[in-house]
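Here are the chains, one letter per residue:
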Amino acid sequence: MSIQFLGMIGHRLSSETIAPVGPIFDRDYIVRFAQTHEAAGFDRLLVGHWSDRSGGRFGRRRPFLLAGGAGMCLGFMLLFAPPEAAPMATALWVAAAYFALTTFYSVYAVPYSALPAELATTVAGTARLVSLRMAFVMAGVFAGAVLAPLLVAAHGGGREGY
């Protein structure tokens, strides 16, 4: 099974509140992090199994793409709009929203990743589709990086801008 990192890994255990200790590149920490992430990927296995065996008038992948896309929108809205509450309640809200977001991401991403192999009739066709997909992904990342700060500033900046 391959390991897919959806997020960020450091080269050793450290953060804003945890002082770095030990070697600069802690091999054991990286291995534990990767194994934990791989073990937690059960939702991707379930979604893959489910979408591979589904069917119906909307096709095998389309219901997952629609549900995952809508769920990710909801997850993002919940994640970035926590209620004004006590710190622990806000932390629980953010944790639940993040869990929902990553779960719906799996519902979307797993069938989406399988599409090029199903749509193309040759290996070259699959490679072409994946290349086009990645080109549009990079264009979207660039547009988001450029436009997001402009949109936040246009709506007052700070928490209100978001």
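An account of the accompanying structure is given in this report. Being a predicted model, the structure only gives us computed values, none of them experimental. (Residues numbered from 1 in each chain as written. Predicted model: local features only at pLDDT ≥ 70, side-chain atom pairs only at ≥ 80, totals over all residues. Heavy atoms only, no water.)

**Looking at the overall build of the protein**
Convention followed: Each helix is a run of H or I in the DSSP string that is no shorter than four residues. Each strand is a run of E no shorter than two, and both are numbered from the N terminus. Throughout, exposure labels follow a simple rule: accessible area from a 1.4 Å probe, protein chains only, divided by the maximum for the residue type, with under 20% read as buried, over 50% as exposed, and the rest as partly exposed. Whether two residues are in contact is decided by their heavy atoms: any pair within 4.5 Å suffices. Reported accessibility uses the Shrake-Rupley method at a 1.4 Å probe radius. Residues are deemed covered only where the shown protein chains occlude them.
Helices and strands together make up the secondary structure of the protein, namely 6 helices and 0 strands. Counting from the amino terminus, helix and strand elements in the protein follow one another as α-α-α-α-α-α. When the 162 residues of the protein are sorted by exposure, 20% land in the buried category. By sequence separation, contacts in the protein at least 24 residues apart represent 49% of the contacts at least 6 residues apart. As displayed, the protein offers around 11800 Å² of accessible surface, 71% of which is attributable to carbon and sulfur atoms.

**Considerations on the pattern of salt bridges**
Applied cut-off: When a carboxyl oxygen of Asp or Glu lies within 4 Å of a side-chain nitrogen of Lys or Arg, that pair is called a salt bridge.
According to the stated counting rule, one finds 4 salt bridges in the structure shown. For Glu-118, the salt bridge identified is with Arg-61, shortest N-O distance 2.4 Å. A residue pair is termed long-range when its members are at least 10 positions apart, and Glu-118 in helix α4 (residues 87-119) and Arg-61 in the loop between α2 (42-53) and α3 (62-79) qualify at 57 residues. Residue class for Glu-118 comes out partly exposed when judged on its relative accessible area of 37%. Exposure remark for Arg-61: the relative accessible area of 5% places this residue in the buried category. Of the charged contacts in the structure, one is a salt bridge between Glu-84 and Arg-159, with a shortest N-O distance of 3.3 Å. Of the two residues, Glu-84 is situated in the loop between α3 and α4 and Arg-159 in helix α6 (residues 158-161); the sequence distance between them amounts to 75 residues. Using a relative accessible area of 52% as the deciding quantity, one classes Arg-159 as exposed. Among the charged side chains, a network of salt bridges with common partners joins Asp-52, Arg-60, Arg-61 and Glu-118.

**Some thoughts on α4**
Each α-helix turn comprises 3.6 residues. Residues three or four places apart therefore point the same way. Using the following cut-off: Expected helix span is computed as 1.5 Å times (number of residues minus one).
Here α4 spans 48 Å end to end across 33 residues, near enough to the 48 Å set by a 1.5 Å rise per residue. Considered for burial, the residues of α4 that qualify are Ala-97, Leu-101, Ser-106, Val-107, Ala-109, Pro-111, Leu-115 and Pro-116.

**Re the packing of aromatic side chains**
In this description, an aromatic ring pair is defined by two values, namely the gap between the centres and the angle between the planes. Test applied: Centres within 6.5 Å are what make two rings of Phe, Tyr or Trp a pair, Trp counting through its six-membered ring; a difference in plane orientation under 30 degrees is then read as stacked, over 60 as edge-to-face, and the rest as tilted. To sit over a ring, a charge needs its Lys NZ or Arg CZ within 6 Å of the ring centre and within 35 degrees of the ring normal.
Taken as a whole and assessed by the stated rule, the structure comprises 3 aromatic pairs. The ring of Tyr-112 has Arg-133 sitting right over it, with the charged end atom 4.4 Å from the ring centre.

**Section: the side chain of Ser-54**
Here is the rule we go by: Polar contact is defined as a pair of N or O atoms within 3.5 Å, subject to the rule that within protein one atom must be able to donate a hydrogen and the other to accept it, and that residues adjacent in sequence are counted only when both atoms are side-chain atoms.
Relative to the helices and strands, Ser-54 resides in the loop between α2 and α3. Among the polar contacts made by the side chain of Ser-54, one reaches the main-chain carbonyl oxygen of Arg-60 at a distance of 3.1 Å. Ignoring sequence-local partners within four residues, the contact set of Ser-54 consists of Arg-60 and Phe-64.

**Notes on a nonpolar patch on the surface**
Selection rule: Like charges within 9 Å and nonpolar side chains (Val, Leu, Ile, Met, Phe, Trp, Tyr) within 5 Å are joined into patches, using only residues over 30% in relative accessible area that form no salt bridge.
On the surface, a cluster of nonpolar side chains totalling about 430 Å² of accessible area is made up of Leu-74, Met-77, Leu-78, Trp-93 and Val-94. Sorting the residues of the nonpolar patch by element identifies α3 and α4 as the ones contributing at least two each. With 3 residues, α3 is the single largest residue contributor to the nonpolar patch. Here Met-77 lies in helix α3.

**A few points about helix α5 (residues 123-154)**
Worth spelling out the cut-off: Note that the bend at a residue is defined as the angle between axes fitted to the seven residues ending at it and the seven residues starting at it.
Here α5 contains 32 residues, and its C-alpha end-to-end distance of 46 Å stays within 8% of the 46 Å for a straight helix at 1.5 Å per residue. Leu-147 marks where α5 bends most, by close to 30 degrees; the proline Pro-149 follows one to four residues later. Those residues of α5 that sit buried are Gly-125, Arg-133 and Val-152. Packed against the buried residues of α5 are α4 and α6. Phi turns positive, to about 100 degrees, at Gly-156, one or two residues after α5.

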